[in-house]
Amino acid sequence: MRTIILSMITILTSIIGFAQNTNIKSELKTVTTTIKDSKGEKKIVKSEETNEVQKIALEDAKPNTLNIPIKDSPVDVTTKTKVTVDGVTKSVEVNHSAYYSINGLKYQIQPDKSGYVMTSPNSKNLTLLRKTSTNNYIFKNKDKFSVGYFDADGNLVLETYDEKTDAVILEKYNVVKH
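Conventions used here
Residues numbered from 1 in each chain as written. Predicted model: local features only at pLDDT ≥ 70, side-chain atom pairs only at ≥ 80, totals over all residues. Heavy atoms only, no water. Helix = DSSP H or I, 4+ residues; strand = E, 2+ residues; numbered from the N terminus. Buried < 20%, exposed > 50% of the residue type's maximum accessible area, 1.4 Å probe, protein only. Contact = heavy atoms within 4.5 Å. Areas by Shrake-Rupley, 256 points an atom, 1.4 Å probe, with all protein chains shown as cover. Pairing = 2+ DSSP bridges. Patch = residues over 30% accessible without salt bridge, like charges linked within 9 Å, V, L, I, M, F, W, Y side chains within 5 Å. Salt bridge = Lys/Arg side-chain N within 4 Å of Asp/Glu carboxyl O. Core = buried A, V, L, I, M, F, W, Y, C linked by side-chain atoms within 4.5 Å. Phe/Tyr/Trp six-rings, centres within 6.5 Å; stacked < 30°, edge-to-face > 60°. Lys NZ or Arg CZ within 6 Å of the ring centre and 35° of its normal. Axes fitted to C-alpha atoms, helices over the stretch in contact; angles between N-to-C directions.

Chemist: Help me understand the overall build of the chain, please; the structure alone is not making it clear to me.
Modeler: Secondary structure summary: the chain contains 1 helix and 14 strands in total. Classification of the 178 residues of the chain by burial places 18% in the buried group. Counting contacts in the chain only where the partners sit at least 6 residues apart, residues at least 24 apart contribute 32% of the total. Total accessible area on the chain stands at roughly 13,800 Å², and carbon and sulfur atoms take up 54% of it.

Chemist: Please clarify how the pairing of strand S11 (residues 137-140) should be interpreted in this entry.
Modeler: Two faces, one strand: in a regular strand the side chains alternate between the faces of the sheet. The side-chain alternation of S11 yields one buried face, formed by Tyr137 and Phe139, and one unburied face, formed by Ile138 and Lys140. Sheet analysis places strand S10 (residues 123-131) next to S11, joined by 4 bridges and oriented antiparallel. Opposite Leu129, over in S11, you have Phe139 as the bridge partner. If you look at the hairpin formed by S10 and S11, you'll find 5 residues sitting between the two strands, and Asn135 has a positive phi there, around 60°. Both S11 and strand S12 (residues 145-150) contribute to a ladder of 4 bridges, which runs antiparallel. The partner of Ile138 across the bridge, within S12, is Val147. Between the end of S11 and the start of S12, which pair antiparallel, lie 4 residues.

Chemist: Could you clarify how one ought to interpret a nonpolar patch on the surface in this entry?
Modeler: Among the surface-exposed residues, Met1, Ile5, Leu6 and Ile9 lie close enough to one another that they form a single nonpolar patch of about 440 Å² accessible area. With a relative accessible area of 44%, Ile5 lands in the partly exposed category.

Chemist: Would you explain the nonpolar core in this entry?
Modeler: Soluble, globular proteins show a tendency: their nonpolar side chains are buried together. Judged by nonpolar contacts, the single largest core of 14 residues is most densely connected at Tyr100, Ile109, Met118, Leu129, Leu156 and Tyr173. Elements that contribute at least two residues to this core include exactly strand S7 (98-102), strand S8 (105-112), strand S9 (115-120), S11 and strand S13 (156-162). No other element matches S7, which puts 3 residues into this core. Other than its neighbours up to four places away in sequence, Leu156 contacts Tyr100, Ile109, Met118, Leu129, Tyr149, Phe150, Glu171, Lys172 and Tyr173.

Chemist: Would you mind showing me how to read the pattern of salt bridges here?
Modeler: The full count for this structure, using the stated rule, is 3 salt bridges. Here Arg130 ties to Asp112 by a salt bridge, and the two come within 3.2 Å at their closest N and O atoms. In this pair, Arg130 is assigned in strand S10 and Asp112 in strand S8, connecting sequence segments 18 residues apart. Classification of Arg130 as partly exposed rests on a relative accessible area of 24%. Judged by its relative accessible area of 30%, Asp112 falls in the partly exposed class.

Chemist: I would appreciate a short explanation of the packing of aromatic side chains in the present structure.
Modeler: Aromatic ring pairs are reported here in terms of the distance separating the ring centres and the angle at which the planes meet. Under the definition given, this model contains 5 aromatic pairs. Measuring from centroid to centroid gives 6.2 Å for Tyr100 and Phe150, while their planes differ by 55°, and the two rings are tilted. Of this pair, Tyr100 sits in strand S7 while Phe150 sits in strand S12, and the two are 50 residues apart along the sequence. Like Tyr100, the residue Phe150 is buried in the burial classification. The positively charged end of Lys106 is found above the aromatic ring belonging to Tyr99, 4.6 Å away from the centroid.

Chemist: So what exactly am I meant to see when it comes to the sheet that holds S12 here?
Modeler: Within a sheet, neighbouring strands are paired by backbone hydrogen bonds and run either parallel or antiparallel to one another. Spatially, the 8 strands close up into a barrel ordered S7-S8-S9-S10-S11-S12-S13-S14, and their pairing is antiparallel. Going from strand to strand, the sheet's axes swing by 30° on average, the running direction of each strand aside.

This is the structure:
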């Protein structure tokens, strides 16, 4: 009797463990470069792992239907880069593409070829975010020119100089977690 109960618990646990509520796609690119110079030969290995995770969300269920369509949901993309030079590995993990909110308005930050672009659903104006050498970002749109950074929680914090008050104004765009 005890064996049957333990077997049933094991089967139920394994069935529950196979439930999937996210779509996950991973891609790994590796480039190996060998450089010969007067000091000898250096081997550089660059590995870039890209993970795309999309939470599955279902539309509202309609009465008397069996199949429920999947609702479009945002995809979180994370890229990890590892560079190995002569056996020493450095790892970099940066991704700030997500939805952010401030004062009840929602913004989306997406990567582009030179940094990030911030868009708002109710405005066609683009805001550019460009990375500086000190891990800060230049925030530039039609009305504002600021310096920003991402805090430990992933929120975008902007610092804007106000000429009238001779002070720096802080604005915090909170990351929207689904």
